[in-house]
Amino acid sequence: MSEMLLPIAGFRLPAAIIAGRPAAARPWFPACRRSAPGPARFRLAAATPYPRAVPDSPDLTPRQRRAAAALLREPAAAVNGLVRLFAAGGYELSLVGGSVRDAFLGRRTGGGDLDLATDARPEQVREIAAGWADTIWETGIEFGTVGLRKGDTVCEITTYRSEEYQPGSRKPGVTYGRSLEADLARRDFTVNAMAAPLPSLELVDPFGGLRDLRARVLRTPGRPEDSFNDDALRMLRAARFAAQLGFAVAPEVAAAMTAMAGRLSVVSAERISAELTKLICSPGPDGPVRGISVLVDTGVAEQVLPEVPRLRLERDEHFRHKDVYQHTLTVLARATTLEPAYGLENDLRVRLAALLHDIGKPKTRRKLPGGRVAFHHHEVVGAVMAAERLTALRFPSAVVSDVSELVALHLRFHGYGEREWTDSAVRRYVRDAGHLLTRLHVLTRADCTTRNTAKAQRLERAYDDLEKRIAVLSVQEELGKIRPDLNGNQIMAILGVPEGPIVGKALRYLLGLRMDHGPLGRERAIHELLGWAAAEGLDVPEPPSEGDAD
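All values derive from a computational prediction rather than experimental measurement.

Here's the deal with the overall build of the protein
1) Next: When its secondary structure is counted, the protein shows 24 helices and 18 strands.
2) Next: Of all 550 residues assigned to the protein, the portion counted as buried reaches 52%.
3) Next: For the protein, contacts bridging at least 24 residues in sequence account for 65% of all contacts bridging at least 6.
4) Next: Total accessible area on the protein is roughly 24,800 Å²; 51% of this is exposed by carbon and sulfur atoms.

Observations regarding the side chain of His-441
1) Next: The residue His-441 is located in helix H20 (residues 437–447) in this model.
2) Next: Ignoring anything within four residues of it in the chain, the contact list for His-441 reads Tyr-342, Tyr-463, Glu-467 and Ile-470.

Comments concerning the pairing of strand E5 (residues 93–96)
1) Next: Burial along E5 is two-sided: the residues Leu-93 and Leu-95 and Ser-94 and Val-96 are all buried.
2) Next: Examined bridge by bridge, E5 and strand E6 (residues 113–118) share 3 bridges and lie antiparallel to one another. Paired with Leu-95 across the bridge in E6 is Leu-116.

A short note on the packing of aromatic side chains
1) Next: The final tally for this structure, using the stated rule, is 4 aromatic pairs.
2) Next: Centre to centre, the rings of Phe-189 and Phe-241 are 6.1 Å apart; their planes meet at 90°, and the pair counts as edge-to-face. Taken together, the positions of Phe-189 in the loop between helix H6 (180–185) and strand E12 (195–197) and Phe-241 in helix H9 (residues 234–245) put the pair 52 residues apart, joining distant regions of the chain. The two residues Phe-189 and Phe-241 agree in class, both being buried.

Re the packing of helix H17 (residues 378–392) against helix H18 (residues 397–409)
1) Next: Direction vectors running N to C along H17 and H18 enclose 160°, while the axes themselves pass 8 Å from each other. Comparing their axes, H18 and H17 come out roughly antiparallel. Both H17 and H18 take part in a crossing whose hand is right-handed. Across the interface between the two elements, Glu-379, Gly-382, Ala-383, Ala-386, Ala-387, Leu-390 and Thr-391 of H17 pack against Val-400, Val-403, Ser-404, Val-407 and Ala-408 of H18.
2) Next: The residue inventory of the contact of H17 with H18, partitioned by class, reads 8 nonpolar, 3 polar and 1 charged.

A look at the pairing of strand E8 (residues 145–150)
On any regular strand, side chains alternate: one points to one face of the sheet, the next to the other face.
1) Next: The sheet contact formed by strand E7 (residues 135–137) and E8 spans 3 bridges and is antiparallel. Counted as the bridge partner of Thr-135 is Arg-149 from E8.
2) Next: The pairing of E8 with strand E9 (residues 153–159) spans 6 bridges and is antiparallel. In the strand pairing of E9, Leu-148 is matched with Cys-155.
3) Next: Taking the residues that link successive antiparallel strands as the turn, the E8-E9 hairpin has 2 residues, and the phi of Gly-151 there is positive, at about 60°.

A few points about helix H3 (residues 80–88)
1) Next: Residues of H3 that are buried: Leu-82, Val-83 and Phe-86. One face of H3 carries all of its buried residues, which in axial projection span an arc of 105°. With respect to the buried face of H3, the exposed residues turned more than 90 degrees away are Arg-84, Ala-87 and Ala-88.
2) Next: Residues of H3 that are buried in the fold lie against E5, E6, helix H5 (122–129), E8 and E9.
3) Next: Just beyond H3, the residue with positive phi is Gly-90, at close to 80°.

Focus on the pattern of salt bridges
1) Next: Considering all chains together, one arrives at 27 salt bridges under this definition.
2) Next: A salt bridge links Arg-186 to Asp-183; the shortest N-O distance between them is 3.2 Å. In this pair, the class of Arg-186 matches that of Asp-183, namely buried.
3) Next: Here Asp-183 and Arg-187 are joined by a salt bridge, their closest N and O atoms 2.8 Å apart. Neither Asp-183 nor Arg-187 differs from the other in exposure class; each is buried.
4) Next: A single salt-bridge network, built from bridges that share partners, covers Asp-188, Arg-237, Arg-240 and Glu-275.

Here we look at the sheet that holds E6
1) Next: Across the sheet, 6 strands lie side by side as E7-E8-E9-E6-E5-E12; this open sheet has mixed pairing. Strand pairing shows two members of the sheet lacking a second neighbour, E7 and E12, which therefore form its edges. Taken pair by pair, the neighbouring strands of this sheet meet at an average axis angle of 30°, ignoring direction.
2) Next: In the packing of H3 onto the sheet, contacts are made with E5, E6, E8 and E9, and the angle to E5 comes to roughly 135°.

Thresholds, definitions, all that
- Residues numbered from 1 in each chain as written.
- Predicted model: local features only at pLDDT ≥ 70, side-chain atom pairs only at ≥ 80, totals over all residues.
- Heavy atoms only, no water.
- Helix = DSSP H or I, 4+ residues; strand = E, 2+ residues; numbered from the N terminus.
- Buried < 20%, exposed > 50% of the residue type's maximum accessible area, 1.4 Å probe, protein only.
- Contact = heavy atoms within 4.5 Å.
- Areas by Shrake-Rupley, 256 points an atom, 1.4 Å probe, with all protein chains shown as cover.
- Pairing = 2+ DSSP bridges.
- Phe/Tyr/Trp six-rings, centres within 6.5 Å; stacked < 30°, edge-to-face > 60°.
- Axes fitted to C-alpha atoms, helices over the stretch in contact; angles between N-to-C directions.
- Parallel < 35°, antiparallel > 145°, perpendicular 65-115°, else oblique.
- Left-handed = near helix turned anticlockwise from the far one by under 90°.
- Nonpolar A, V, L, I, M, F, W, Y, C, P; charged D, E, K, R; others polar.
- Arc of directions from axis to C-beta.
- Salt bridge = Lys/Arg side-chain N within 4 Å of Asp/Glu carboxyl O.

See the structure below:
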């Protein structure tokens, strides 16, 4: 395999693909190559409702074809046995979509996942694959997709099809076809509308996907309005691919997204949250910010995360030169940069919290004398709003709870100065953060944004100091395991009360003392418990002798 020589979307292509002309005159990619001086050859994709003249991959020279096939040979090798079974049954089988795109981009997706297309019907796919696959699942069979696993390779095989959402429907109607090119015509973007029939690996690119890979642009095979009408989720996928691949959205695609954003009302919350998760977990720091920007700039965010674009209207009291929306994007980018230092990577909770941490500001905005504004308790309001939005999007309850708590806690550090907090305050900070402490470190540091260099350095030093104090106290007292000095059984024995609310109140009282004063010791804990019980109007027994209540 030749060394990769030409950049495309941040990666490099084999020399053989571009060989055959002087370097200065050679085009970047075969889809734009002219075999001789004069106009490039074009053709219309056959049997498609979206005919469009584009440079056609048959213009490749034999050498370029061999180089392209070499790129695709590695992912195809995992399914050689399956290819023979399909061929024996008289059926076509092709690598399609992301499998082909990522081969040209030099991306290696985890798990050996492959997308395949065939003219065999789903029941025929299931029958053919039964003798090859270790596992078969049929979750998407009603939409023409059969899933397979063979060793470490996971395949999804989809029958050539077209699909369309009817008005008000959340599920597409599926019509099976017999043409690979017609199947490619229904794909979301041209960069995903390429195929490599197996075993020949002869590239099929009727819509200029290679051209658009080089241009780093997302276009639809036909009219974007038709594509989004077929599946409105593609508008979110445009933002997601912009985030993951660093591609721009073509102007006509962005315009269609703006005009048709309301169409997302027919898409299930689960599908929307799945796309948002992929977008927010894109490689940072530019990826998530780019994806969110596409959603906001096109108006799509109004349909799925309306709280975010509303931030554009609010001026931050600390940054009068920029609005809260721009501050939010900065925090999101900083959070993705800080993650690795805390042992986190592509952390959904941190990134959602960074995106949503200030969404309570529009509801809490108050004008102050001198033209300033305040957002008192916006973290409390924002926590409730974040929980409501993420619940509506059907995110897992654990994610909803954690993100909401991070939003509620994100201001706790502000006002901390070096050594101004008591050890009790530090303990409470750790206790309140609980299992989210590491994520709270990331979010808090990311939120300390200012153009004032001296202030920025002061905030960094202050948080460095807080983390050092947490580390020292953690070694001394195991902060993550702080418990009251007496347990529930001991409290019941000392007070002579049964299990119930009184025990819970006593535990909370002793825990507060523990947080304020550190370890109390058994004797002092009993003394404090009896004093509390007397104040509560309980009958206070004599203190137990040493060895009792164990």
